Amino acid sequence: MASVSQLMSCLCLLWWGAMMRKIKSRNWKKQRYFKLEDDFMTIWYQSKKAVSVNDVEAVREGHQSEVLLSIADEFPPDRCFTLVFRGRRGNLDLVAESAEEAQSWIWGMRKLIENVENMGEREKLDQWIGEWFKKADKNNDGRMNFKEVQDLLKMMNVDMNEHHAHHLFTMADKSQSGTLENDEFVLFYKMLTQREDVLKVFQEYSDGQKLSQSNLEDFLREEQLEGGDIQLHAKQLIECYEPSDKGRMNAMTFDGFLMYLGSAEGSIFNPQRRGIFQDMTQPLCHYFISSSHNTYLMEDQLRGQSSVEGYIRALNRGCRCVEVDCWDGANGEPIVYHGHTFTSKILFKDVVSAVGNYAFKVSQYPVILSIENHCSVEQQRVMAHHLNHILGDRLLKTILDGKTPIRLPSPEVRAVIYCPTLMPYHLIEIPESQGQNLKLDSEFNREPKSKQRLSKELSDCVVYCKSVHFTSFKHSRIHSKFYEVASFTESKARKHLREAGAEFVHHNSRQLSRVYPSGFRTDSSNFNPQEMWNAGCQIVALNFQTAGEGMDVNDGLFSQNGCCGYVLKPMMSLPLNIKEDSIVDPLVRVEVHGVPMDQAKQETRYIENNGFNPMWYDTLHFTIHTPELAMVRFVVEDYDKTSKNDFVGQYTLPLSCMQQGYRHIHLLSKDGTSIPPSSLFVYLRIKHLE
């Protein structure tokens, strides 16, 4: 464990700054000066660009990006590192002048990221306020005059008349200097953001000044509908969120109440559903599985870039099924790309390395490799070599318990399942070697009838899964085996849903089905996966690189159960984003995605010229018949009477994970990243109809 002095020494080096090479490609390598700013939250570099530590998700060490791999012969791995940003923003690849300097930046950045992740709600708010102060303080004198405050209000999307703004400014200017310093600006912010909605709730249960522990217990019982040891929970909430020592004596002030409601415990998402809480011992076909389509693509389907980064990002988002399209490449090396298009090409061995490195970083449950094999027998042998050499003992090539299997394994085998969609080459990779070196019986391991030959080396990797052409549900009932997997385009799946929905559900209770986007979606757009989940389809593959409703619903479903990428199927039957020079007119739309009878959308009215602290007090009612399949999506939009509304933020979660009572919904951007402190404050009630 590093000492405090080591940490300070490292951060001082970052503060002094260093010249490093910024790498964009093998031919684009430029020297740039990088420096940690005084706030210890911003990295500045030449060209007047800045990187917020808040935006950095991770630091990768060595040649762990496609760009750095391309210059591996020029710079050793101990001088190279990559800053990986949240959402879909591109990486920043850097080469330091020495290995020691690289280590200082790697270690220092990781400590800064760790510090951000460990911040409490109050610290995050203070930091956010500090960032706005810095933006508004144009002359960098540590003070804000009234003109700077007016500019700040515009930046913060607040439409306030000049007289009222000046009144708040004067009240906050305790020193009567005509400017606001740090503490005075915090006071100004508090007056500006007075939460009348929360204050109204607080006053209903308090004496106006404080909420006694007994009053808080009543609130938790009557409004939040909490059970268990409420007395203990109320005591813990006071100890955790009450900021004043005096107030912590068996009571909670308004500030503490506000902090509690804005915390994870006051969130709409039930914290008991965050970790692994489902039975993980059932066969794979009993789970919905987070799945990616054409994972190697970073953009569109015709001319987009192919990259191993697609696999890394998908796996780090909890994806458990990734797709690999393999073709013959130059120099005997198989390549991965979208065949017969202008998409760029990457090496198959680099894809296998990325999967091997990242398969189990986020989740310990199976990763499915969905492979389209278009390779010659010679290059199939190379594929088998890379799989065996790179994955080593983790590549499961025999059954797990030495017995002829009668069903698919459960997620608890902690395996990567290799499941091609067109050619049936299937294998399992596990983090710990399990099972004995036994072969499957000849019927189970038989090769398919195909014009394209399958190499023995790749055939030896076939375990547990077999891709088959789907004929009909009747044929499937009579002839199908549990290890057979059928793939459907979204249009074919919809056709089966319309014509034989019940049979489709029954089929999916026994074996795996994969649904993928139509070939007409050349822009990498997505369909809504909910309709396929309604039929019990397990592997519903989406374009992870494309933000929107489809990925919002997908992220919402898999946000439960530890974000492990597996969700047990139910019993089946059938500050805001701101437009430049514009004040937002926000409205909220609540969408229910589920079985057709439950599909519904309702909107609030829009609030004119108030994107900072709008209040609706609107009530929306929904009737839901199949709650176990329902997803709820909250969308905030900027109303526009002349054109399509602009997206502001959203949050999606399963109905089964919603907490009742007064809750905050912390909004996410299009990329699925948080946009603190933007949130919705709602009151929720779920009533069971007779």
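As the structure is a computational prediction, the values presented were derived from the model and not from experiment.

Engineer: When you look at the UniProt feature "domain: EF-hand" (unreviewed entry) in the chain in this model, what are you seeing that I'm missing?
Structural biologist: Under the present numbering, the feature "domain: EF-hand" (unreviewed entry) in UniProt falls on residues 124-159 and 160-195. As a span, residues 124-159 carries 64% helix and 0% strand, and end to end its C-alpha atoms are 25 Å apart. Secondary structure over residues 160-195 splits into 61% helix and 0% strand, and the C-alpha atoms at its two ends are 16 Å apart.

Engineer: Quick question: what am I supposed to make of the sheet that holds strand β7 (residues 92-95) here?
Structural biologist: The strands that make up a sheet are held in pairs by hydrogen bonds between backbone atoms, and each pair lies either parallel or antiparallel. Pairing in this open sheet of seven strands is antiparallel, and the strands run β4-β3-β2-β1-β7-β6-β5 from one edge to the other. Unpaired on one side and paired on the other, β4 (49-52) and β5 (56-61) mark the two borders of the sheet. Direction aside, the axes of adjacent strands within the sheet are offset by 35° on average. As paired strands, β5 and strand β6 (residues 80-85) are joined by five bridges and run antiparallel to one another. In the strand pairing of β6, E61 is matched with F81.

Engineer: Explain the side chain of Q650 to me, please; I cannot follow it from the model alone.
Structural biologist: As for its position among the elements, Q650 is in strand β26 (residues 646-654). Taking relative accessible area as the criterion, Q650 reaches 2% and is therefore assigned buried. Within the local environment of Q650, its side chain forms a polar contact with the side chain of D552, the two groups lying 3.2 Å apart. Within the local environment of Q650, its side chain forms a polar contact with the side chain of T652, the two groups lying 2.7 Å apart. Residues within four places of Q650 in sequence aside, it is in contact with D552, R633, F634, V635, L667 and L668.

Engineer: Help me understand the nonpolar core, please; the structure alone is not making it clear to me.
Structural biologist: Membership of the largest hydrophobic core comes to 59 residues, with the highest contact counts inside it found for Y311, V324, C326, V336, F348 and V351. Among the elements that make up this core, the one with the highest residue count is helix α13 (residues 348-358) (six residues). Counting 28 residues, the second-largest nonpolar core is a separate cluster that includes V51, V53, L94 and I113.

Engineer: Would you explain the pairing of strand β25 (residues 631-638) in this entry?
Structural biologist: Along any regular strand, the residues point their side chains to alternate faces of the sheet. Most of β25 is tucked away, with eight of its eight residues classed as buried. Both faces of β25 are covered, namely the face carrying M631, R633, V635 and E637 and the face carrying V632, F634, V636 and D638. Examined bridge by bridge, strand β23 (residues 586-593) and β25 share eight bridges and lie antiparallel to one another. Of the residues in β25, the one forming a bridge with R589 is V635.

Engineer: How should I be thinking about the pairing of strand β19 (residues 484-489) in this particular structure?
Structural biologist: Alignment of strand β18 (residues 466-468) against β19, held across three bridges, turns out to be parallel. Residue pairing across strands places V468 opposite A486, the latter belonging to β19. As for the winding sense of the linkage, the β-α-β connection from β18 through helix α16 (residues 473-479) to β19 is right-handed. Taken together, the four bridges between β19 and strand β20 (residues 513-516) define a ladder with parallel strand orientation. Of the residues in β20, the one forming a bridge with A486 is S513.

Conventions adopted
Position labels on residues start from 1 in each chain and follow its written sequence. At least 70 in pLDDT is required for a residue's local features to be given in this predicted model, at least 80 for side-chain atom pairs to be given and counted, and no such filter applies to totals for whole chains, interfaces and linings, which use all residues. The basis for every side-chain value is the complete set of non-hydrogen atoms in the structure, without hydrogens or water. UniProt positions are given in the numbering used here, feature names are shortened, and annotations may be inferred rather than shown by experiment. What counts as a helix is a DSSP run of H or I of at least four residues, what counts as a strand is a run of E of at least two, and both are numbered from the N terminus. Two strands are said to pair when DSSP picks up at least two bridges between them. To get an axis, fit a line to the C-alpha atoms, keeping to the stretch in contact for a helix; angles then go from 0 to 180 degrees between the N-to-C directions. Three exposure classes are used, based on accessible area relative to the maximum for each residue type with a 1.4 Å probe and protein chains only: buried under 20%, partly exposed in between, and exposed over 50%. The definition of a polar contact used here is a pair of N or O atoms within 3.5 Å, where within protein one atom must be able to donate a hydrogen and the other to accept one, and adjacent residues in sequence count solely through side-chain atom pairs. Residue contacts follow a heavy-atom distance rule, with two residues in contact if any of their heavy atoms lie within 4.5 Å. For this analysis, a nonpolar core means a set of buried residues of the types Ala, Val, Leu, Ile, Met, Phe, Trp, Tyr and Cys, connected via side-chain atoms within 4.5 Å. Seen with the strands pointing away from the viewer, any crossover whose path from the first strand over the helix to the second strand runs clockwise is right-handed.

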